Amino acid sequence: MEHVLGALARDRQRGMLVQAEAERDGRRARQYSRVCRLAERAERQFASRWDQAARLRAYLSELESTS
């Protein structure tokens, strides 16, 4: 009977380890996804600001040429 209880305890321990690993993997995947979205947003904001700066520089050039 003791060997059965030992086997059950080992199985339970293995199950807990597998569950903990799955939770770590899930957290890691969510963190990766979040950082990816933040990086993409930062890139879009940078591109948008770059375009805005280019339009303003073109407008300044236009103003200088008409003055």
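All residue numbers here refer to positions counted from 1 along the written sequence of the relevant chain. pLDDT decides what is reported in this predicted model: residues at 70 or higher carry local features, side-chain atom pairs at 80 or more are listed and counted, and totals for whole chains, interfaces and linings draw on all residues regardless. The side-chain figures draw on all heavy atoms in the structure; neither hydrogens nor water molecules are used.

1. What about the packing of aromatic side chains?
Two aromatic rings are characterised by how far apart their centres lie and by the angle between their planes.
Okay, so step 1: Each Phe, Tyr or Trp ring (for Trp, its six-membered ring) is paired with any other whose centre lies within 6.5 Å, and the angle between the two planes then decides the class: stacked below 30 degrees, edge-to-face above 60, tilted in between. Counted by the stated rule, this structure contains one aromatic pair.
Okay, so step 2: Only when the NZ atom of a Lys or the CZ atom of an Arg is both within 6 Å of the ring centre and within 35 degrees of the ring normal do we say a charge sits over the ring. Its end group placed over the ring of Trp50, Arg57 keeps NZ or CZ at 5.7 Å from the ring centre.

2. Overview of the pattern of salt bridges
Okay, so step 1: We count a salt bridge whenever a side-chain nitrogen from Lys or Arg sits within 4 Å of a carboxyl oxygen from Asp or Glu. Taken as a whole, this structure holds two salt bridges when the rule is applied.
Okay, so step 2: Between Asp25 and Arg28 there is a salt bridge, and its shortest N-O distance comes to 2.9 Å. Here the residue Asp25 and the residue Arg28 both occupy positions in helix H1 (residues 2-66), the gap between them amounting to three residues, near one helical turn.
Okay, so step 3: For Arg28, a relative accessible area of 49% gives the class partly exposed. Strands here are runs of E lasting at least two residues and helices are runs of H or I lasting at least four, both read from the DSSP assignment and numbered beginning at the N terminus. Accessibility here uses a 1.4 Å probe with only protein chains present; expressed as a share of the type maximum, an area under 20% marks a residue as buried, one over 50% as exposed, and anything in between as partly exposed.

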